[in-house]
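What follows is the residue order along each chain.
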Amino acid sequence: MNDDYPTPIWLKQFFSGWDDPCPLRSSGMDGLLREWSDPTFANIPYSHPMPWVEKAIAESRRGKRVVLLVRADPSTKWWMKLMVAKARFAFFHGRLDFMTDGRRGAFPWPSALVFLPGKEGTEP
């Protein structure tokens, strides 16, 4: 499975200036090995989200606001971890559009934004 689906431009613009620990794989950067800034937005790999979810929860517990773009799949263990961490979820109606290699397409799955609180009482 190819996880190099760029964040839709309109969504990327909304989170402009936020830390992005999860750029396209081709960048060679591994956001799992570094500390995240506050606030952080990450379009995590849809094929193997668990390590990213665990990292996001850990960073949130350190007081950082984190928003993730994820595959909407509430039947998974990683989704349950997000629920236990008191994440909030926002679902998209329809599939998100992306642009790659000059062609437009749609994410192959439904997507959601996951909001993890930072400091207690701070909304993402």
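Residues numbered from 1 in each chain as written. Predicted model: local features only at pLDDT ≥ 70, side-chain atom pairs only at ≥ 80, totals over all residues. Heavy atoms only, no water.

Another point: the nonpolar core. With 20 residues, the main nonpolar core has Ile-44, Leu-68, Val-70, Leu-82 and Leu-116 as its most contacted residues. Contributions of two or more residues to this core are made by helix 2 (50-61), strand 2 (66-71), helix 3 (77-84) and strand 6 (111-116). For this core, the leading source of residues is helix 2, giving 4 residues. Other than its neighbours up to four places away in sequence, Leu-68 contacts Ala-42, Ile-44, Ala-56, Leu-82, Ala-112, Leu-113 and Val-114. With 9 residues, the next largest nonpolar core counts Leu-11, Phe-15, Val-67 and Leu-69 among its residues. (Core = buried A, V, L, I, M, F, W, Y, C linked by side-chain atoms within 4.5 Å. Buried < 20%, exposed > 50% of the residue type's maximum accessible area, 1.4 Å probe, protein only. Helix = DSSP H or I, 4+ residues; strand = E, 2+ residues; numbered from the N terminus. Contact = heavy atoms within 4.5 Å.)

Among the surface-exposed residues, Met-80, Met-83 and Val-84 lie close enough to one another that they form a single nonpolar patch of about 300 Å² accessible area. Examined against the element boundaries, Met-80 turns out to sit in helix 3. (Patch = residues over 30% accessible without salt bridge, like charges linked within 9 Å, V, L, I, M, F, W, Y side chains within 5 Å. Areas by Shrake-Rupley, 256 points an atom, 1.4 Å probe, with all protein chains shown as cover. Salt bridge = Lys/Arg side-chain N within 4 Å of Asp/Glu carboxyl O.)

Glancing now at the sheet that holds strand 6. The sheet built from 4 strands is open, its strands ordered 1-2-6-3 with mixed pairing. Among the strands making up the open sheet, the edge pair consists of strand 1 (40-43) and strand 3 (88-91). Strand-to-strand twist in this sheet, taken as the mean axis angle between neighbours without regard to direction, amounts to 20°. Pairing geometry for strand 3 and strand 6, over 4 bridges, is antiparallel. Paired with Arg-88 across the two strands is Phe-115, which belongs to strand 6. Lying on the sheet, helix 2 is in contact with strand 2 and strand 6; it crosses strand 2 at an angle near 165°. (Pairing = 2+ DSSP bridges. Axes fitted to C-alpha atoms, helices over the stretch in contact; angles between N-to-C directions.)

All right, on to the packing of aromatic side chains then. Aromatic ring pairs: the centre-centre distance and the angle between the two ring planes describe each pair. Enumeration according to the criterion identifies 9 aromatic pairs in this entry. For the ring pair Trp-79 and Phe-89, a centre distance of 4.5 Å and an interplane angle of 15° mean the geometry is stacked. With a gap of 10 residues between them, Trp-79 in helix 3 and Phe-89 in strand 3 connect regions that are remote in the sequence. Classification of Phe-89 by relative accessible area gives partly exposed; the value is 26%. Ring centres 5.9 Å apart and planes at 25° place the aromatic pair Trp-79 and Phe-91 in the stacked group. With Trp-79 in helix 3 and Phe-91 in strand 3, this residue pair connects regions lying 12 residues apart in the sequence. A residue is classified by how much of its surface remains accessible, and Trp-79, at 3% relative accessible area, is buried. The exposure class assigned to Phe-91 is exposed, which follows from its relative accessible area of 54%. In this structure an aromatic cluster arises from ring pairing among Phe-14, Phe-15, Trp-18 and Phe-41. (Phe/Tyr/Trp six-rings, centres within 6.5 Å; stacked < 30°, edge-to-face > 60°.)

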